[in-house]
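# Topology and contacts: notes
What follows is each chain in one-letter form.
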Amino acid sequence: MSLTAFLQSRYGSGFATRGAVEAHHNAAFRRFRANVMPRSPFYRDMAALPLEQLPRVDKAMLMQNFSAINTSGIDRDEAMQIALKAETSRDFSPLIGDVSVGLSTGTSGQRGLFLATPGERRLWAATMLGRYWPELWRRQRVAFFMRADNALYRSMSNAVVRFEFFDLMASFDDHLDRLDALKPSVLIAPAQVLAVLARHQIEKWISLSPRRIISVAETLSPDEAALIERAFGIRVDQVYQATEGVLAMTCRHGNLHLNERWLRIDRDVIDAETGAFCPIIHDFTRESLPILNYRLNDVLIPQAERCPCGCASQRIARIEGREDDVLWWRAPTGNRMITSEAIRTTFACLPQSLSDYRVIQRGGSLHIWLDGAEKEAETALERGLGLLAASMGCRLPILVFHKGLPPEENGKRRRIRVESDLGLKQVG
Ligand SMILES: [Zn+2]
């Protein structure tokens, strides 16, 4: 299983046609019905139902039914206790049987649990190694920045790899010395951390020469990608991974493809114009905690053209962020989706430079914080956003300018977002 996954991800060219993708999904789901669903008290009686008739699941629903959904008979409260203890002690070794337990913090601050069996951990490691290992004959030093360690990732430590975990909850300054001493050949971190490391590298506070840089766990903006590439002189690869599964990764040509070998990904289209959708995922590799008919609130923008790599897995132009990162402005025909990228571009085109900014949509108003900006910046921005609105055929919301920056919530530094439920989604 894991050798096949390794070879496939290193040397395989992926699915040749959409038909091959579908055949793979049908076979995988048949196996899943026969071997996995009967072991889940929740899904036991649903094994004959078509995929779309399975109950729609989201994080809250998954947590509510965790004890019945998982196939290892693991009790939610017991798992939660183990995960919480690991968080506070920063000792992430405990397992339940041979199943590792992890904790994720949701976007709404809601905690989620996830499980990984040894087989699932091997599959993950084999696929990542196959795809992203620089040279097989050389021992690699991997630096992995994550919010929490988990046996899932430690499974990679062995004779051919020195693997060091950098806890994002610990002091960043202490990490820098250790990182500089490690001189990682592979650097894996969330996009924002990579951006900070890139700035340190440019300032010559650290001197790293990684052969691979992989952005994980959150969306990588074009600005961040450019900064990281400039600092380290190599392309950033992207593994778009939620606790619910590995959704997409970059191919040899640097383009994002959906991970259709592991998942079937249906679309809940939220914007017909761009085809932007929230993925509804069915994961055929996740046996400990089945993920079926599960809707994520991330917004993906599909790309129609085929990739020169030849793989027929759906290409993704970019991950727009979460549903509440996407703005909706009024238009005569309903509401139009305004991507955070369009807003970022407008800011990037300002003649004045800003230290930082925030854009928060609240109902029909757009609240804008400009840090370190003169009055002219407001005028230029008003013009820029006006042009954006006109080009999208919608009305510019009322602009409300503020000084400095707003107080941050949950330490999430999202520059552009929608606050509260606005009932402003696309209508009709
Ligand atoms: Zn490709």
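For the structure given in this document, a descriptive report is provided here.

What counts as what
Residues numbered from 1 in each chain as written. Predicted model: local features only at pLDDT ≥ 70, side-chain atom pairs only at ≥ 80, totals over all residues. Heavy atoms only, no water. Helix = DSSP H or I, 4+ residues; strand = E, 2+ residues; numbered from the N terminus. Rg over C-alpha atoms; globule rule 2.2 N^0.38 Å. Buried < 20%, exposed > 50% of the residue type's maximum accessible area, 1.4 Å probe, protein only. Contact = heavy atoms within 4.5 Å. Areas by Shrake-Rupley, 256 points an atom, 1.4 Å probe, with all protein chains shown as cover. Lys, Arg positive; Asp, Glu negative; His and termini not counted. Charge placed at Lys NZ, Arg CZ, Asp CG, Glu CD. Donors = N, O, S within 2.8 Å, 3.2 Å for Na, K, Ca; no water. Tetrahedral: all angles 85-135°; square planar, octahedral: opposite > 155°, others 65-115°. Axes fitted to C-alpha atoms, helices over the stretch in contact; angles between N-to-C directions. Parallel < 35°, antiparallel > 145°, perpendicular 65-115°, else oblique. Left-handed = near helix turned anticlockwise from the far one by under 90°. Phe/Tyr/Trp six-rings, centres within 6.5 Å; stacked < 30°, edge-to-face > 60°. Pairing = 2+ DSSP bridges. Polar contact = N/O pair within 3.5 Å; in protein donor to acceptor, adjacent residues only side chain to side chain. Disulfide = S-S within 2.5 Å.

Here we take up the overall build of the protein. From N to C terminus, the protein includes 12 helices and 21 strands. In summary, the protein has a C-alpha radius of gyration of 22 Å against a globular reference of 22 Å for 428 residues, a match within 12%. With respect to the three principal axes, the spread of C-alpha positions in the protein is 60 × 55 × 45 Å. Put simply, the protein has 428 residues, and 53% of those count as buried. Here the contacts in the protein between residues at least 6 apart in sequence split such that 59% fall between residues at least 24 apart. A total accessible area of about 19,600 Å² is found for the protein, and carbon and sulfur atoms account for 51% of it. Counting 55 positive and 50 negative side-chain charges, the protein places the averaged centre of each group 5 Å from the other.

Taken together, the protein ligands of the zinc ion are Cys-251 (SG), His-257 (NE2), Cys-307 (SG) and Cys-309 (SG), with distances of 2.1 to 2.3 Å. Around the zinc ion sit 4 donor atoms, and with donor-metal-donor angles ranging over 104 to 116 degrees the site reads as tetrahedral. Sequence spacing of the donor residues for the zinc ion, all on one chain, is C-x5-H-x49-C-x1-C. Each member of the pair, Cys-251 as well as His-257, is classed as buried.

Here we come to the packing of helix α11 (residues 340-348) against helix α12 (residues 375-391). Running from amino to carboxyl end, α11 crosses α12 at an angle of 140 degrees, the nearest separation of the two axes being 9 Å. Of the possible angle classes, the one that applies to α11 and α12 is oblique. Relative to α12, the crossing made by α11 is right-handed. Where α11 approaches α12, its residues Ala-342, Ile-343, Thr-346 and Phe-347 are matched on the opposing element by Leu-381, Gly-384, Leu-385 and Leu-388.

Before going further, it helps to spend a moment on the packing of aromatic side chains. In total, this model carries 6 aromatic pairs according to the counting rule given. Ring centres of Phe-32 and Phe-284 lie 6.3 Å apart, and the angle between their planes is 70 degrees; this geometry places the pair in the edge-to-face category. Placement of Phe-32 in helix α2 (residues 18-35) and of Phe-284 in the loop between β12 (276-283) and β13 (291-295) is noted, with a sequence separation of 252 residues between them. Phe-284 shares its class with Phe-32; the two are buried. Consider the rings of Phe-42 and Tyr-43, whose centres lie 4.9 Å apart with planes at 80 degrees: the pair is edge-to-face. Residue Phe-42 is classed as buried on the basis of its relative accessible area of 16%.

The sheet built from 4 strands is open, its strands ordered β20-β19-β18-β21 with mixed pairing. In this open sheet, the two edge strands, each paired with only one partner strand, are β20 (398-403) and β21 (416-418). Put simply, the sheet's adjacent strands are angled 20 degrees from each other on average, direction ignored. Pairing analysis gives 6 bridges linking strand β19 (residues 365-371) to β20, with the strands arranged parallel. Paired with Ile-368 across the two strands is Phe-401, which belongs to β20. Helix-sheet contacts for α11 involve β18 (356-362), β19 and β21, and the interaxial angle to β18 is about 140 degrees.

For the rest of this paragraph, the subject is unusual backbone geometry. We note that Lys-183 has phi near 45 degrees; this positive angle belongs to a residue other than glycine. Mapped onto the elements, Lys-183 comes out in the loop between α8 (172-182) and β6 (186-190). Lys-183 gets classed as partly exposed once you look at its relative accessible area, which sits at 34%. The phi dihedral of Lys-204 is positive, around 65 degrees, even though this residue is not glycine. For Lys-204, the position within the fold is in the loop between α9 (191-202) and β7 (212-216).

Now for the side chain of Arg-212. On the secondary structure map, Arg-212 appears in strand β7. A distance of 2.9 Å separates the side chain of Arg-212 from the side chain of Asp-237, its partner in a polar contact. The residues contacting Arg-212, other than those within four sequence positions of it, are Arg-131, Tyr-132, Pro-134, Ser-185, Val-186, Leu-187, Ile-234 and Asp-237.

Counting buried residues along strand β9 (residues 245-250), 6 of its 6 residues qualify, which places the element largely inside the surrounding structure. As paired strands, strand β8 (residues 236-242) and β9 are joined by 4 bridges and run antiparallel to one another. The partner of Val-239 across the bridge, within β9, is Met-249. The loop that links β8 with its antiparallel partner β9 comprises 2 residues. Where β9 and strand β10 (residues 256-258) come together, 3 bridges link them in antiparallel fashion.

Counted by the stated rule, this structure contains 0 disulfides. This cysteine, Cys-311, is not joined by any disulfide, and Cys-309 carries the nearest cysteine sulfur, 5.1 Å off. Relative accessible area serves as the criterion here: at 11%, Cys-311 is assigned to the buried category.

Turning to the pairing of strand β17 (residues 334-338), a few remarks are in order. Burial analysis of β17 places 5 of its 5 residues in the buried class, the great majority of the element. The sheet contact formed by strand β16 (residues 327-331) and β17 spans 5 bridges and is antiparallel. Counted as the bridge partner of Ala-331 is Gly-334 from β17.

This brings us to the environment of Val-269. Mapped onto the fold, Val-269 is located in strand β11 (residues 263-271). Measuring from C-alpha to C-alpha, the distance between Val-269 and Phe-232 comes to 37 Å, with 37 residues separating the pair along the chain. Beyond its immediate sequence surroundings of up to four residues, Val-269 is in contact with Gly-275, Ala-276 and Phe-277.

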